[in-house]
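Inside the fold
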Amino acid sequence: MQITANGIQIEVEDHGLREGVPLVLIRGLGSQLIHWPKEFVQGLAAAGFRVVLFDNRDVGLSQRCPKEGVPSQADEITARALAEGTVPAAYRLDDMAADVVGVMDALGIETAHVFGMSMGGAIVQLLCMDHAARLLSGTIVMATARPFAERGGNAEWLATLLAHPVAREEFIANALREYEFWGSPAYPMTEAELTAQAGLAYDRGFDPEGVNRQVLAVIASTDRRHDLAQVTVPCQVIHGENDTLIPPEAGAEIAGLIPGCDYHAIDGMGHVITPKQAPLLVAMMQDFVARHAG
């Protein structure tokens with residue numbers, strides 16, 4: 001369903017009992033709500049959570065958010081980065097954190113647990129820092145607290161993150177290749193599952209310019225390490241030992257900065273959440289909430 005959140009249109013799904021404990025799931029760069037395994041969503045709902053998932057701005061069925069004077073095409077962004085060193089962003093991750101609060105407002109949710117992966121994990125950090133009164137807990141999955149530049153980011157690396165217009169068949173082939181790089185060896189997805197998911201994502205709303213604006217928002221994000229030490233929200237960090245995109249040391253660093261934070265390093269998990277991981281992650285959420293944020 002479409003709702004107005006933080007002044008823009010956001011596509012939302014609401015699963016489980018309305019009186020369940022609210023849990024908002026926040027996706028990573030360029031991905032859509034359909035990338036959450038149904039086994040994960042259904043498992044959380046069966047565990048008593050009211051599970052809210054949504055398309056971040058600029059992807060899927062949510063509103064596109066261009067800004068005058070800010071490039072969105074990959075070649076233009078790369079050329080500007082090489083020539084000037086920096087590229088302005090149409091919005092920041094702080095705006096995307098405000099989108100989450102807007103979703104909660106639109107659904108009448110005063111406080112909620114939040115669970116975010118990759119870019120969504122960065123957004124959870126900002127929610128814990130800037131919107132703590134709205135949170136019951138924060139779960140930060142496969143994320144980092146360091147800024148792009150400090151992680152060695154440069155114009156050449158930026159070019160590898162940017163999306164280009166492609167036909168449906170190439171989009172699916174790219175998804176299969178990417179999974180080979182950052183998939184979860186202990187919790188694999190089949191080629192049929194990956195193909196179906198990628199095809200649905202393409203048909204539902206693949207927009208390379210929207211993805212590129214998200215990339216620029218990630219790059220524009222600041223160092224969160226100092227502020228994380230002041231977080232009072234109950235938190236846990238989950239990171240795959242086989243994450244080839246964001247190393248597990250980045251997750252361990254976050255957990256070490258947030259007072260009282262739990263840390264779970266999962267052997268055989270890469271930079272993806274698959275259906276086979278669902279029971280483990282649902283159990284982790286149940287245990288964490290029962291021990292720290294009931």
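All of the points below concern the structure found in this document. As the structure is a computational prediction, the values presented were derived from the model and not from experiment. Along each chain, residue indices are assigned from 1 in the same order as the chain's sequence is written. Only residues with pLDDT of at least 70 get local features here, since the model is predicted, and only at 80 or more are side-chain atom pairs given and counted; chain-wide, interface and lining totals rely on the full set of residues. Side-chain metrics in this entry use all non-hydrogen atoms of the structure; hydrogen atoms and water are not considered.

Brief notes about the pairing of strand E7 (residues 235-240)
Basically, it comes down to this: Burial classification: accessible surface area is computed with a 1.4 Å probe over protein chains only, and a residue below 20% of its type maximum counts as buried, one above 50% as exposed, and the rest as partly exposed. Counting from the N terminus, the helices are DSSP H or I runs at least four residues long and the strands are E runs at least two residues long. Two strands pair under a simple rule: DSSP has to find at least two bridges between them.
The element E7 is largely enclosed, with a buried count of 6 among its 6 residues. The two faces of E7 match: Cys235, Val237 and His239 on one face and Gln236, Ile238 and Gly240 on the other face are all buried. Of the pairings in the sheet, the one linking strand E6 (residues 135-141) to E7 comprises 4 bridges and is parallel in character. Each residue of the ladder has a partner; that of Thr139, found in E7, is Gln236.

So, the packing of aromatic side chains
Our working rule: Here is the rule: rings of Phe, Tyr and Trp (six-membered ring for Trp) pair when centre to centre is within 6.5 Å. Planes less than 30 degrees apart are stacked, more than 60 are edge-to-face, and the remainder are tilted. The rule for a charge over a ring is simple: NZ of Lys or CZ of Arg within 6 Å of the ring centre, and within 35 degrees of the ring normal.
This model, assessed by the stated rule, comprises 7 aromatic pairs. Through pairs of rings, three or more aromatic residues link up here, namely Trp36, Phe40 and Phe115. The aromatic ring of Trp36 is capped on one face by Arg27, whose charged end is 4.6 Å from the ring centroid. In this structure, Arg57 is placed above the aromatic ring of Tyr91, and the distance from its NZ or CZ to the ring centre is 4.7 Å.

Some points on the environment of Ser72
Definition in use: Any two residues whose heavy atoms approach within 4.5 Å are treated as being in contact. Here a polar contact is recorded for every N or O atom pair within 3.5 Å, except that within protein the pair must consist of a potential hydrogen donor and a potential acceptor, and residues adjacent in sequence are included only if both atoms are side-chain atoms.
With respect to the secondary-structure elements, Ser72 resides in the loop between strand E4 (49-54) and helix H2 (74-84). C-alpha of Ser72 to C-alpha of Glu209: the two residues are 137 residues apart in sequence and 4.9 Å apart in space. Beyond its immediate sequence surroundings of up to four residues, Ser72 is in contact with Ile77, Glu209, Asn212 and Arg213. A distance of 2.8 Å separates polar atoms of two side chains, one belonging to Ser72 and the other to Arg213.

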